[in-house]
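The residues making up each chain are set out below.
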Protein chains: 4
Amino acid sequence: MSALHIERSNLKIGEHPTGLPLEVPVITLTGPADGPTVYIQANIHGAEIQGNAVIHHLLEAFKANPPAGKITLVPLANPIGINHKNGEFTLGRFDPVTGVNWNRQYHFDGALLDGFVAELTEASDEAIRQQFRAQLRAQINQRLDNPWGLTVGQNLCLRLQRMAVEADIVLDLHTGPVSARHLYVPSYTRERARHFNIPLNILMPSDFDGALDEACFSPWWQLSERFAAQGRALPVMVDAFTLELGSQEWLNVEDAKQDAAGILNYLQHQGLWSHCADPLPYTLTLQTQYACELSDYKALYSPSGGQVEFLAPLCEPVPAGQPLARLWHFNQLGLTPDNGLYQALALPCNAIPVLHFASASVQQGTELYKVLTNTFAL
Amino acid sequence: MSALHIERSNLKIGEHPTGLPLEVPVITLTGPADGPTVYIQANIHGAEIQGNAVIHHLLEAFKANPPAGKITLVPLANPIGINHKNGEFTLGRFDPVTGVNWNRQYHFDGALLDGFVAELTEASDEAIRQQFRAQLRAQINQRLDNPWGLTVGQNLCLRLQRMAVEADIVLDLHTGPVSARHLYVPSYTRERARHFNIPLNILMPSDFDGALDEACFSPWWQLSERFAAQGRALPVMVDAFTLELGSQEWLNVEDAKQDAAGILNYLQHQGLWSHCADPLPYTLTLQTQYACELSDYKALYSPSGGQVEFLAPLCEPVPAGQPLARLWHFNQLGLTPDNGLYQALALPCNAIPVLHFASASVQQGTELYKVLTNTFAL
Amino acid sequence: MSALHIERSNLKIGEHPTGLPLEVPVITLTGPADGPTVYIQANIHGAEIQGNAVIHHLLEAFKANPPAGKITLVPLANPIGINHKNGEFTLGRFDPVTGVNWNRQYHFDGALLDGFVAELTEASDEAIRQQFRAQLRAQINQRLDNPWGLTVGQNLCLRLQRMAVEADIVLDLHTGPVSARHLYVPSYTRERARHFNIPLNILMPSDFDGALDEACFSPWWQLSERFAAQGRALPVMVDAFTLELGSQEWLNVEDAKQDAAGILNYLQHQGLWSHCADPLPYTLTLQTQYACELSDYKALYSPSGGQVEFLAPLCEPVPAGQPLARLWHFNQLGLTPDNGLYQALALPCNAIPVLHFASASVQQGTELYKVLTNTFAL
Amino acid sequence: MSALHIERSNLKIGEHPTGLPLEVPVITLTGPADGPTVYIQANIHGAEIQGNAVIHHLLEAFKANPPAGKITLVPLANPIGINHKNGEFTLGRFDPVTGVNWNRQYHFDGALLDGFVAELTEASDEAIRQQFRAQLRAQINQRLDNPWGLTVGQNLCLRLQRMAVEADIVLDLHTGPVSARHLYVPSYTRERARHFNIPLNILMPSDFDGALDEACFSPWWQLSERFAAQGRALPVMVDAFTLELGSQEWLNVEDAKQDAAGILNYLQHQGLWSHCADPLPYTLTLQTQYACELSDYKALYSPSGGQVEFLAPLCEPVPAGQPLARLWHFNQLGLTPDNGLYQALALPCNAIPVLHFASASVQQGTELYKVLTNTFAL
């Protein structure tokens, strides 16, 4: 039996001053066989649109070839961020009242690990999985029940996280400002992360700093580390990734097929179609993929104010000392014969540019480029 | 004698709350012979950067071939707008305190025409020119001396206008959001406007609505109309244009050479190098140029909220009924089998797209495209 | 029979990028007898909250003593402006994308007067009223049907105006930044405007500049002027007022009773309870009311940047030369022995302060105070 | 000898896109005798103006009675935050590009403690003071020399911190939104903190989270804790406080005298006038001062959207269950007979309100009030 059951609901995550309810669309797919639980969300940063088109293609693919397991799809995940314009652009990276990044408000308090490991030393992997997930679920629910209330971002993020905490695989679809495709890879997933077929990759440690991917993988990873310290090799039971699909403020539905293809390739590898007799059309020939450690993922900040020409193409290696950008000082016009009108900006080491700032007008301290350094093949 | 005299100064146009003075760079060129007075400014809208690079190339050209007359160049004309970021982008089209467009705060009170024409019915063209300019100058100075003070925008615009009012030719260098090159052409300049060699053109009437080009041409044009009503054919003595050089938030210094070339071609036609014996390298072969009346320069507004794919390439004719854009409603995912997920947006008539909105995320009422309709060759 | 019929509906005026519909609550009251049609709206500027509380009190009063005629109440009239925060405050005076003031987007094209007066020279007052209203209604509907769509502000304002155009009395409830109560009085209503019992008043001419009060009274006033030019004394058939109820970003429901009392006093004078046998409790003893012409309602702009102490109490006369405010320059600390640290700001004439700026940190050109000058008793 | 040496300079902390340098005024006072080094700054959050007036009064007091030691005064400490308006208000709490709070960008890397304590186990207190300060200074300088550049906030904060790191006493002058006076008290200073004579106090632990007070006291406090772990009682050698002087967007120079008086009382107690024979006029009679632990300093978040009446006066105890605020839902007008139009908001425990939100229009999740709970006398 190959039926796919599709449910659609709206999740209320807040309320505007006029009383207008803020809702997020949630699509739940239940497949024809048991399999992993998958959670995929897009557009938590308001200007990062392209992931919605990827979810559209994924839904089409899932309809065409029903996967095993249960899949939750959440497009347009942040109605506050998406709907907040200042000028023509979407001010969607942070809460406009408090400045807090929308993707730093998920929750994990590591204190729950302390007692847990001692209690379940002898438990089966499956028992650990179920009981640890129950604890994570309880931690989120407890926070949602705070009698003092929740911030705007917590109202949003904790309700999304309550769905994500149930999943074995979590994908958070983002974009950069002007950006090449890149992927944040928790290092324990390094082998299978290659199946996304994304050219640039950043390897992450087990720390938690408030983002959704971290909120989903850190608890399980730290759990695994605790057991390892006791000599038991417990696998990390959840995969969670942040995919950066290109540039913000841009929609290209055709182009999103490429991102959907990488995700389907990864999901197939994770067993979503292991119930199917025939081979499916989702296998990709993998391209060369570069990676570096998170500590080697570096930003170049503007040494002064000015207007920038971004010279270095994204995703192509730049040798040390070769100009990445030209910073113009048009306030020098009429003053300078030949010097001082612009300066060339280069890096002290080889690098691969991943993204650059979205505006050509910058102040001293603007993040001009982010680059991979000390790269290696994924 | 071919010397060019270059002076550089800073014009104070405001003061920040901390007492920080806000200054605009002013470069004044005095050529080796008598000739027209020219005023060229760039970046009055904060995100519209490219004009600064055009001024750079013009300055280089003027140094290489000193022009007759006097030229004033003002790059980075609006330090408040240029320096005001909200998120990564520059909120530079309007005063962030009041919302008033920075290019709607120039001044002209048509009341001065009333007495003027009667008094100078018999005067020579040159006497009219001098006395009318003196009146315009006095009107601006009087407003600057207001004992109640001036708004932020008036402090800026009137000080720029005080320089522009002295000029026979005024060029205000702008860009659109995501935009093809286009030109606002006061209709009396239609013949000579062709020398800018800009593909898309909008013909303007003699009204004044607060923009710099209008503030410079409307008084002289209305003066000419008044004399015409009395049967005297007085030429319009000032040319003023707004040039839209492409897209905002972007700098490409090489590409700006093309805009400089068109301006030099126009300026040469206006006699800036008539003192030169040898032909100069500024003559262009003109491309096909489309135009329409201002009343036929139309905007398409979004019929609902959603995410947009801008389909129609800029500067290429689109027939009536052919989709310009696709508006996606990702909140319909999981609800709609095949309809309702997107709508195609078309126009009721043939058109040439000039510019489109800078973000793919739009609300009901967002200006999606601006287009020329009822076009003809310039 | 003294029943009051109450209907409540929601008016859709726009849609967010996520598809979220933007709705305005509309309460319609139909009284027990024929009488004037009244339209009252609040909060078109997002930070101007207090009018909602006034509408609450009015509704209670109307329930207690059902008025003749038909009344439409529209609280929270602008969901876009009300819901748009930047920092803690509401950026609600203008469209954050375009900068256009939300209260400058109503519509009236005076061209319809041209043919109208000639055609109805001999018609009765009542025929004129009905036919002119039909024309105004048609003008708005035609604009709403624009095949090119409408801007965000037009989508909002024209839908509100379509309700207001039916009314004989229109009240638009605003507040200032930090402000005393004041009233914009179209000069033909001067006698009856006194019944609002508001201490400060500004007399308006018949011009139209896009605000709701003007959009409602200008057509009828200009119509009256046209008939007057032909020798026929046609009364102005619509009253429309903008009431400024105090300060923005503030709600005091008890205090709003005072504003409701003034409005009820005016409405009673306009005949809303003429069907009642017994006297009603709405008659007020009028206080002293000052007024000036709109051209004498002046703003003082800051002569430089700095930090301001607002010295002059609102609503109390200040003689010429007496300091209204002290402007501090803390960047002079350590530089100046005794001078230069602050400057006292005074006016060249006697004045009554109406409102002042909402922040103590100002740039050169900030509107510090607005004041009545050349005042007289209303 | 009672001379006071005053120097004034400007510190460049950034550059606008136009090249405009961003400067902070620095006043350095050298007293007639040896004494503590003091650093006092104001207005790092752009809307928090009142501290500048306090610095003005302190400077006058220091001139009248020259203190021992060296004092650095920094008014208008954040030209970016102070000069950034959105609407009438100052968007000054966070970087408008990145959202990062301006008072979370100071630096301390605790790794330097690791080797340090082992090396100086036997050193004198004074040797420890000097060498530890040298290390802190070096850490800041190293970060300032980053070849990849610095963010906008680091360019500002590290340059301020480079001055503050030299001080024995650091005062950072802030305000709340609408707020009573309150003080953040590192718990080791509890006794002497009473001399500020501030009614509400929050006791802080030794953590570092990026604020200036923490950046100044945490290193020394953690150093003391390390030595304590080894059995040596090393005093914490630096006092650092954040003073919250009342409400933002407001200046009252007379009122600031009260804050200056508290600071002078504290400074006198810390020995700034121990070189003076005669008693000075700075001794205050202390008022009742309440305090609670940081973990008991709680925020109440709005349970839904609406318009708020803030009922509870600041600085006065409110018993559990008594309404702090009334939240109005004007979108219920015409729907609800008597219920649902507003809700009363109360707390689950006794509390003393410290501050409330600056706008009466709130969304679900807005921080309505901050309160002390489990209070005790300081």
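The shown structure was predicted, so the numbers you read here are calculated from the model rather than taken from an experiment.

Scoring rules and cut-offs
Residues numbered from 1 in each chain as written. Chains lettered and ligands numbered in written order. Predicted model: local features only at pLDDT ≥ 70, side-chain atom pairs only at ≥ 80, totals over all residues. Heavy atoms only, no water. Phe/Tyr/Trp six-rings, centres within 6.5 Å; stacked < 30°, edge-to-face > 60°. Helix = DSSP H or I, 4+ residues; strand = E, 2+ residues; numbered from the N terminus. Buried < 20%, exposed > 50% of the residue type's maximum accessible area, 1.4 Å probe, protein only. Lys NZ or Arg CZ within 6 Å of the ring centre and 35° of its normal. Contact = heavy atoms within 4.5 Å. Buried area = accessible area lost by both parts, 1.4 Å probe. Salt bridge = Lys/Arg side-chain N within 4 Å of Asp/Glu carboxyl O. Polar contact = N/O pair within 3.5 Å; in protein donor to acceptor, adjacent residues only side chain to side chain. Nonpolar A, V, L, I, M, F, W, Y, C, P; charged D, E, K, R; others polar. Domains from an automatic or database assignment. Least-squares fit on C-alpha atoms with pLDDT ≥ 70 in both. Expected span 1.5 Å × (residues − 1). Axes fitted to C-alpha atoms, helices over the stretch in contact; angles between N-to-C directions. Parallel < 35°, antiparallel > 145°, perpendicular 65-115°, else oblique. Left-handed = near helix turned anticlockwise from the far one by under 90°. Pairing = 2+ DSSP bridges. Core = buried A, V, L, I, M, F, W, Y, C linked by side-chain atoms within 4.5 Å. UniProt positions renumbered as here; feature names shortened; annotations may be inferred.

1. Details of the packing of aromatic side chains
- Counted according to the given criterion, the structure contains 64 aromatic pairs over all chains.
- Judged by centre distance (4.2 Å) and plane angle (20 degrees), the rings of Phe196 of chain C and Tyr266 of chain C are stacked. Placement of Phe196 of chain C in the loop between α6 (190-193) and β10 (200-204) and of Tyr266 of chain C in helix α8 (residues 256-269) is noted, with a sequence separation of 70 residues between them. In this pair, the class of Phe196 of chain C matches that of Tyr266 of chain C, namely buried.
- Here Trp328 of chain C and Tyr342 of chain C contribute two aromatic rings whose centre-to-centre distance is 4.7 Å and whose plane-to-plane angle is 40 degrees, an arrangement assigned as tilted. Here the residue Trp328 of chain C occupies a position in strand β15 (residues 325-328), and Tyr342 of chain C occupies one in strand β16 (residues 342-345), the gap between them amounting to 14 residues.
- Trp328 of chain C sits in the buried class, given a relative accessible area of 4%.
- Three or more aromatic residues joined by ring pairs form one cluster here, namely Phe62, Trp273 and Tyr282 of chain A.
- The ring of Phe227 of chain A carries the charged tip of Arg232 of chain A above its face, separated from the ring centre by 5.3 Å.

2. Structural notes on the interface of chain B and chain A
- Counting from both sides, the interface comprises 48 residues of chain B and, opposite them, 49 residues of chain A.
- Counting the surface lost from both chain B and chain A, the interface buries some 4,000 Å², and carbon and sulfur atoms represent 66% of this.
- The largest contributions to the chain B side of the interface with chain A come from Glu88, Phe89 and Leu333 of chain B, which together make up 16% of the buried area.
- In this structure, the connection of chain B to chain A is made through zero salt bridges.
- Put simply, chain B and chain A have 14 residue pairs in polar contact (both at pLDDT 80 or more) between them.
- If you list the elements that add at least two residues to the side of chain B that touches chain A, you get β1 (5-15), β2 (21-30), α1 (50-64), β5 (85-86), β6 (89-90) and β14 (306-310) of chain B.
- In terms of residue class, the side of chain B that touches chain A is built from 26 nonpolar, 14 polar and eight charged.

3. Things to note about the domain arrangement of chain A
Residues and elements named next belong to chain A.
- Partitioning chain A into structural domains gives domain 1 (5-287) and domain 2 (296-377).
- The centre of domain 1, based on its C-alpha atoms, is set 33 Å off from the matching centre of domain 2.
- Taken together, both faces of the contact between domain 1 and domain 2 bury some 1,000 Å²; the carbon and sulfur share is 76%.
- The interface formed by domain 1 and domain 2 holds zero salt bridges in total.
- At the boundary of domain 1 and domain 2, one finds three residue pairs in polar contact (both at pLDDT 80 or more).
- Counting residues per element, the ones that place at least two in the side of domain 1 that touches domain 2 are β8 (178-179), β9 (182-186) and β10 (200-204).
- If one sorts the elements of the side of domain 1 that touches domain 2 by residue count, β10 sits on top with four residues.
- Looking at the side of domain 1 that touches domain 2, its residues break down into eight nonpolar, four polar and one charged.

4. Concerning the relation of the copies chain B and chain A
- If you rotate chain B by 180 degrees and push it 0.0 Å along the axis, it lands on chain A with an RMSD of 0.0 Å. Here the transformation between the copies is reduced to the relation of a two-fold axis.
- Residue by residue, 100% of the interface of chain B is reproduced at the interface of chain A, so both copies engage with the same surface.

5. Concerning the interface of chain C and chain B
- Between chain C and chain B, the residue contacts involve 41 residues of the former and 42 residues of the latter.
- Overall, the association of chain C and chain B removes approximately 3,200 Å² of surface from exposure, summing both partners, and the carbon and sulfur fraction of that is 57%.
- Viewed at the interface, chain B and chain C are joined by zero salt bridges.
- At the boundary of chain C with chain B, the tally comes to 15 residue pairs in polar contact (both at pLDDT 80 or more).
- Breaking the side of chain C that touches chain B down by element, the ones donating at least two residues are β1 (5-15), α5 (152-164), β13 (297-301), β14 (306-310) and β18 (361-362) of chain C.
- When residues in the side of chain C that touches chain B are grouped by element, the largest group, four residues, is from β13 of chain C.

6. Some words on the side chain of Ser359 of chain B
- Mapped onto the elements, Ser359 of chain B comes out in the loop between β17 (352-356) and β18 (361-362).
- Taking the relative accessible area as the measure of exposure, Ser359 of chain B reaches 0% and is therefore buried.
- Of the polar contacts made by the side chain of Ser359 of chain B, one reaches the side chain of Glu249 of chain A; its length is 2.4 Å.
- Once residues within four sequence positions are removed from consideration, Ser359 of chain B is found in contact with Lys85, Glu88, Thr90 and Glu249 of chain A together with Phe310 of chain B.

7. Re helix α8 (residues 256-269) of chain A
Residues and elements named next belong to chain A.
- When the terminal C-alpha atoms of α8 are compared, their 20 Å separation across 14 residues agrees well with the 20 Å that a helix rising 1.5 Å per residue should span.
- Turning to α8, its buried residues are Ala256, Asp259, Ala260, Gly262, Ile263, Leu264, Asn265, Tyr266, Leu267 and Gln268.
- Once α8 finishes, Gly271 follows within two positions and takes phi at roughly 100 degrees, a positive value.

8. Some words on the packing of α1 of chain B against helix α8 (residues 256-269) of chain B
Residue and element names in this part refer to chain B.
- It is at 8 Å that the axes of α1 and α8 come closest, and there the two elements cross at 55 degrees. When the axis of α1 is compared with that of α8, the two are oblique. Taken as a pair, α1 and α8 cross one another with a handedness that is right-handed. Across the interface between the two elements, Gln50, Ala53, Val54, His57, Leu58, Ala61 and Phe62 of α1 pack against Ala256, Lys257, Asp259, Ala260, Ile263, Leu264 and Leu267 of α8.
- Class assignment for the residues of the contact of α1 with α8 results in ten nonpolar, two polar and two charged.

9. What about the environment of Val238 of chain C?
Residues and elements named next belong to chain C.
- Inspection of the secondary structure assignment puts Val238 in the loop between α7 (212-229) and β11 (239-247).
- Relative accessible area serves as the criterion here: at 1%, Val238 is assigned to the buried category.
- Ignoring anything within four residues of it in the chain, the contact list for Val238 reads Arg133, Ala167, Asp168, Tyr188, Cys216, Phe217 and Trp220.

10. Side note on the pairing of strand β17 (residues 352-356) of chain A
All names here are of chain A.
- Across the five residues of β17, five count as buried, placing the element largely inside the fold.
- In terms of strand pairing, β8 meets β17 through two bridges, oriented antiparallel. The residue of β17 that forms the bridge with Ser179 is Leu355.
- In terms of strand pairing, β17 meets strand β19 (residues 367-372) through four bridges, oriented antiparallel. From the neighbouring strand, Ile352 faces β19, where its bridge partner is Leu372.

11. What to know about the nonpolar core
- Leu160 and Leu223 of chain A together with Leu160 and Leu223 of chain C are the most contacted members of the largest nonpolar core, which totals 116 residues.
- Those residues in contact with Leu160 of chain C, other than ones at most four positions away along the chain, are Leu11, Val24, Tyr39, Gln41, Ile44, Val74, Ala77 and Tyr106 of chain C.
- Listed in part, the 115 residues of the second largest apolar core include Ala167 and Trp221 of chain B together with Phe108 and Trp220 of chain D.

12. Observations concerning the pairing of strand β1 (residues 5-15) of chain A
- As paired strands, β1 of chain A and strand β2 (residues 21-30) of chain A are joined by ten bridges and run antiparallel to one another. In the sheet register, Ile6 of chain A faces β2 of chain A, and the bridge partner there is Leu29 of chain A.

13. Here's the deal with the UniProt feature "domain: Succinylglutamate desuccinylase/Aspartoacylase catalytic" (unreviewed entry) in chain A
- Using the residue numbers shown here, the UniProt feature "domain: Succinylglutamate desuccinylase/Aspartoacylase catalytic" (unreviewed entry) corresponds to residues 34-269 of chain A.
- As a span, residues 34-269 of chain A carries 41% helix and 19% strand, and end to end its C-alpha atoms are 16 Å apart.

14. Focus: the packing of helix α4 (residues 125-144) of chain A against helix α7 (residues 212-229) of chain A
Residue and element names in this part refer to chain A.
- Where α4 meets α7, the closest approach of the two axes is 12 Å, and the angle between their N-to-C directions is 130 degrees. Comparing the axis directions of α4 and α7 gives the class oblique. Crossing handedness for the pair α4 and α7: right-handed. For the pair formed by α4 and α7, the contact residues are Ile128, Arg129, Phe132, Arg133 and Leu136 on the first element and Pro219, Trp220, Leu223 and Phe227 on the second.
- Split by residue class, the contact of α4 with α7 holds seven nonpolar, no polar and two charged.

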